[in-house]
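Structure at a glance
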Amino acid sequence: MLIVEDHELLSGTLALALRQRGLEVGTLNGPAAEAVIEAARQRAPALVLLDLDLGPVLGDGVDLVRPLVEAGARVVIMSGDGDRARLGSCVEAGASGVVSKASTFDDLIAAVERTARGEQLLTEEERQSLLAELRSRRRSDDERLGPFAPLTPREQAVLAGLMAGEPAEVIAQSAYVSVATVRSQIRGILRKLGVTSQLAAVALARDAGWTPPS
Amino acid sequence: MSVPATPPPSAAYRSAAPPSPPSDTARRFLFGAALVIAAGAVVAGFAGRGEVEPGRAAHMGTALDTISALCGAGVFVLTRATWRQIGDRAALWVGAGALLFAVAAGSRVGSVVLIGSSPSNRWLVAGGAAGTALTPLLLAAGLLPSLLRRPLAPAAVTAVAVTALIAAAVLMRTRPGLESAFTVTQLTRAASAPAVAAGLAVAAAWLALAVAYCLRGFAQRRLYGWAGLMLFALTVSGLIAGAARGPDGRAVGAAGLGALGALVAVAGSYLDLTRAYEDQTLELSDSEIEADAAEARLRVRVADLRAQRHDLINAITAIDGAASTLEREFNRLSERDRQTLARVLGSGTARLRTLLSQDKGFDGQVSLAEAAARVAEDPAWHRRLDVHVDAGLVAAGSQGETAEVVRQLVEYAHRRGPDTRVTVRGERDGEWVVLRVEDRGPTLSRDVRRRLLHPDNGRGPEADSDRGLRVAARLMRAQGGDVWVEPRPGGGSSFGICLPALTEVDGETGAAS
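As a starting point, this report considers the structure included with it.

Conventions adopted
- Each residue is numbered by its place in its chain's sequence as written, counting from 1.
- The order in which chains are written sets their letters, starting at A; the order in which ligands are written sets their numbers, starting at 1.
- For this predicted model, a pLDDT threshold of at least 70 governs which residues receive local features, and a threshold of 80 or more governs which side-chain atom pairs are given and counted, while totals over whole chains, interfaces and linings are taken from all residues.
- A helix here means a DSSP run of H or I that spans at least four residues, while a strand means a run of E at least two residues long, and both kinds are numbered starting from the N terminus.
- In this scheme every C-beta is placed from the backbone, and a residue whose C-beta has 20 or more other C-beta atoms within 10 Å is buried, one with 12 or fewer is exposed, and one in between is partly exposed.
- Helix span is expected to be 1.5 Å times the residue number reduced by one.
- We call two residues in contact whenever the C-beta atoms placed from their backbones are within 7 Å.
- Throughout this description, the term nonpolar core refers to a group of buried Ala, Val, Leu, Ile, Met, Phe, Trp, Tyr and Cys residues whose C-beta atoms join them within 7 Å.
- Think of it this way: DSSP has to see at least two bridges between two strands before they count as a pair.
- For the handedness criterion, the strands are oriented away from the viewer, and a crossover whose path from the first strand over the helix to the second runs clockwise is classed as right-handed.
- Helix axes are fitted to C-alpha atoms over the stretch in contact, other axes to C-alpha atoms as well, and angles between N-to-C directions run from 0 to 180 degrees.
- Comment on the angle field: the value is read as roughly parallel under 35 degrees, roughly antiparallel over 145, roughly perpendicular from 65 to 115, and oblique elsewhere.
- By definition, any crossing whose near helix is turned counterclockwise from its far helix by less than a right angle is left-handed, and any crossing with a clockwise turn is right-handed.
- Nonpolar residues are Ala, Val, Leu, Ile, Met, Phe, Trp, Tyr, Cys and Pro. Charged residues are Asp, Glu, Lys and Arg, and all others, Gly as well, are polar.

1. As for the overall build of chain B
When helices and strands are counted, chain B shows 16 helices and seven strands. In chain B, which comprises 513 residues, the share counted as buried stands at 44%.

Given below as structure tokens:
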């Protein structure tokens, strides 16, 4: 099995303890996400114990789940984060189990051993519960950002300009269009968002945490 | 945190002349309008010498009074909008004065239209006289602090003005000749010495009021200046009107000067309204920058706490694992494994101690090398930054906030020169540590350099990118540091940040890249 964990102190201890239990264990902590995926493809481990918060170099562990599953490994998430929707993303991407770092070391090892023996860590009910959390998070994100979906790319850029405190003249200048065009786009934004003033549109966007697509 | 005795390296930037203020349209307008009014007064004074046919003079006077009435009403509307914008109560009283001025001018127009001595016409004359007499009094109210402190609603101020107008009109209707006691016309019209003295007193009071408004207006660059000029025009107009004998050249000149004063007032009140709107916009922008800075601080704090929690869990789990493995598997472990686990226990405990003693808040320690490395690790800037920061450059401040500032500066540098490399350089400067973010984009002009980050230029509309820099400036200055920008030798710009140094550096190098 393979442990992907950026804290060498922990990965070293885990590896040592698991080796004592007769498991063949390797550790990885970089140098980049692509390198971890490539190493997993080459070593073809049956099981990957994956940390979710891998620091600035490896980034978010959620992004590694699918490639590791596609490389043929069963992925068990090791997380100190209680964000169930995030864990739901991992399950959706193919993770077969979740263990909490906040539990005791013995529980952690026992969970890994059970998975190594082919047992399921998550019951179907727990899986569905995590997936439901994820769906609920997505729904709330959609509801929050839904009103902004009908905005055209140009209207999104204009709204971003308004949020940055730029007057219509400046937005028009930077987009090489007439002020009348920008004003018409602003009217379109107000109509689609169901508000009556630029201030209300900006407040709505800020409240919803809307950001213009890059 | 001790403050260094020596000034920060940004002192030269700070001591340079502050950014030039935005063009002072209001003052230019007031000077221009004062000249126009003075010229108008001279022309109106000499207008009586020219012969004007009475019927034509009456028509011209009516047309000019119509302009005055419309302008007065316009000033009333604009001042109310100004009040709504910035809550300036003086605007309400000045607007009420302008309303009565409009009533006076409108009454003159009405009395010409309703020629004759019908009761309604006499009421119009009385209303016009009351409006003329009360206009300066209401304008004067705009200078009374006791009235301005009283939270009277716009409707109440208008009600006061209308009630005073009706009461004065009734008085003047029932006691003909009373209006002359409140107007300056008697100075040039009256034959008796007491009337001249009374006229002189009224004219002096009006002119004093006009001067007070002008002085306040020039000092505060708003509202009061044009009200003073309007009052000055009305005073001189009244004097000229007093000398008129029926609808003649003087009467036309007087009406013309009144209309000129009203035009200045409507233009000035429009200017004030736009200025009030700009002020509001600037204040909003200022608040947004402050909110952005607070949000950045919070984001950094949350990220720090999250990282700290992650570190704590990892250290505790590692210690737990090492201890339980040693306890249960001691006899089966090789000597090397035992030593490894013992080292885990030692390192884990040391890590816990570090985490517990670490204050990542305002008074923490900043490693400039670490701050630069945090940015360099970001995949967005990977391989596009040259980082040369000595590991020993440690300052007092917030690690996360300083890294956020470096990120903002690097982002800005990349926007200015997307295809060029950015260099991050650290150095010690006396009691300060300095980190420079150098780009190779177009060199910023002196004016732009001052405008961007000068402490005296905390307000003002800015592009989105400038806003990030201003947020960065607030983050640095809140930590006791500073941020500035200077030209980079060889082209481009160098953005510097400095913080009070924590320890002496003994020439230790070790570039982080």
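2. Some details on helix α1 (residues 8-20) of chain A
Relative to the 18 Å expected for 13 residues at 1.5 Å per residue, α1 of chain A spans 18 Å between its end C-alpha atoms, a close match to the ideal helical length. By the burial criterion, the buried members of α1 of chain A are Leu9, Leu10, Ser11, Gly12, Thr13, Leu14, Ala15, Ala17 and Leu18 of chain A. Considering only its buried residues, α1 of chain A is in contact with β1 (2-4), β2 (26-28) and α6 (105-116) of chain A together with α11 (249-329) and α12 (335-357) of chain B.

3. Comments concerning the nonpolar core
Residues and elements named next belong to chain B. If you look at the biggest cluster of nonpolar residues, it comprises 84 residues, and the most contacted ones within it are Leu100, Met230, Leu231 and Ala265. Listed by contribution, the elements that provide at least two residues to this core are α2 (25-47), α3 (54-86), α4 (89-113), α5 (119-141), α7 (154-174), α9 (193-220), α10 (224-243) and α11. The residues contacting Leu100, other than those within four sequence positions of it, are Gly131, Leu134, Thr135, Leu138, Ala161 and Leu165.

4. Examining the pairing of strand β5 (residues 97-100) of chain A
Residue and element names in this part refer to chain A. Summarising the sheet, strand β4 (residues 74-79) and β5 pair through four bridges and their orientation is parallel. Residue pairing in the sheet places Val76 in a bridge with Gly97 of β5. Assessed by its sense of winding, the connection that carries the chain from β4 through helix α5 (residues 84-92) to β5 is right-handed.

5. Brief notes about the interface of chain A and chain B
Residue-level contacts link 21 residues of chain A with 28 residues of chain B. Mapped onto the side of chain A that touches chain B, the elements with two or more residues apiece are α1, α3 (55-58) and α6 of chain A. Broken down by element, the residue count for the side of chain A that touches chain B peaks at eight residues, all from α1 of chain A.

6. As for the sheet that holds β5 of chain A
Residue and element names in this part refer to chain A. Read from one edge of the open sheet, five strands run β2-β1-β3-β4-β5, paired in parallel fashion. Single-partner strands in this sheet number two, and they are β2 and β5. Strand after strand, the sheet turns through a mean of 20° between neighbouring axes, direction not considered. In this sheet, β2 lies alongside β1 in parallel orientation, the contact comprising three bridges. Residue Ile3 lies in a different strand from β2, and its bridge partner there is Thr27.

7. Observations regarding the packing of α11 of chain B against α12 of chain B
Residues and elements named next belong to chain B. Here α11 crosses α12 at 150°, and the two axes come no closer than 9 Å. On the basis of their axis angle, the class for α11 and α12 is roughly antiparallel. At the point where α11 passes α12, the crossing takes the left-handed sense. Contacts from Gln308, Asp311, Leu312, Ala315, Ala318, Ile319, Ala322, Ala323, Thr325 and Leu326 in α11 reach Arg338, Leu341, Val344, Leu345, Gly348, Thr349, Arg351, Leu352 and Leu355 in α12. For the contact of α11 with α12, the class distribution of residues is 12 nonpolar, four polar and three charged.

8. Describing unusual backbone geometry
Residues and elements named next belong to chain A. Residues other than glycine seldom take positive phi values, yet Ala44 does so here, at roughly 45°. Note on placement: Ala44 falls in the loop between α2 (33-43) and β3 (47-51). Backbone geometry at Tyr176 places phi at a positive 55°, although glycine is not the residue there. Along the chain, the position of Tyr176 falls in the loop between α9 (168-175) and α10 (179-193).

9. Considerations on the environment of Leu207 of chain B
Residues and elements named next belong to chain B. Mapped onto the fold, Leu207 is located in helix α9. On the neighbour-count criterion, Leu207 (16 C-beta atoms within 10 Å) is partly exposed. For the pair Leu207 and Phe232, spaced 25 residues apart in the sequence, the C-alpha separation amounts to 6.1 Å. In this structure Leu207 touches Phe232 and Thr235, once residues within four positions along its chain are discounted.

10. Regarding the sheet that holds strand β5 (residues 432-438) of chain B
Residues and elements named next belong to chain B. Here five strands make up an open sheet; going across it, the order is β2-β4-β5-β7-β6 and the pairing mixed. Two strands lie at the open edges of the sheet, namely β2 (385-388) and β6 (482-487), each paired on one side alone. Within this sheet the neighbouring strands show an average axis-to-axis angle of 20°, counted without direction. Alignment of β2 against strand β4 (residues 422-429), held across four bridges, turns out to be parallel. Considered in β4, the bridge of Val387 is made with Val424. The strands touched by helix α13 (residues 368-377) are β2, β4 and β5; relative to β4, the strand with the most contacts, the crossing angle is about 170°. Against the sheet, helix α14 (residues 399-416) contacts β2, β4, β5 and β7 (493-500), and its axis sits at roughly 30° relative to β5.

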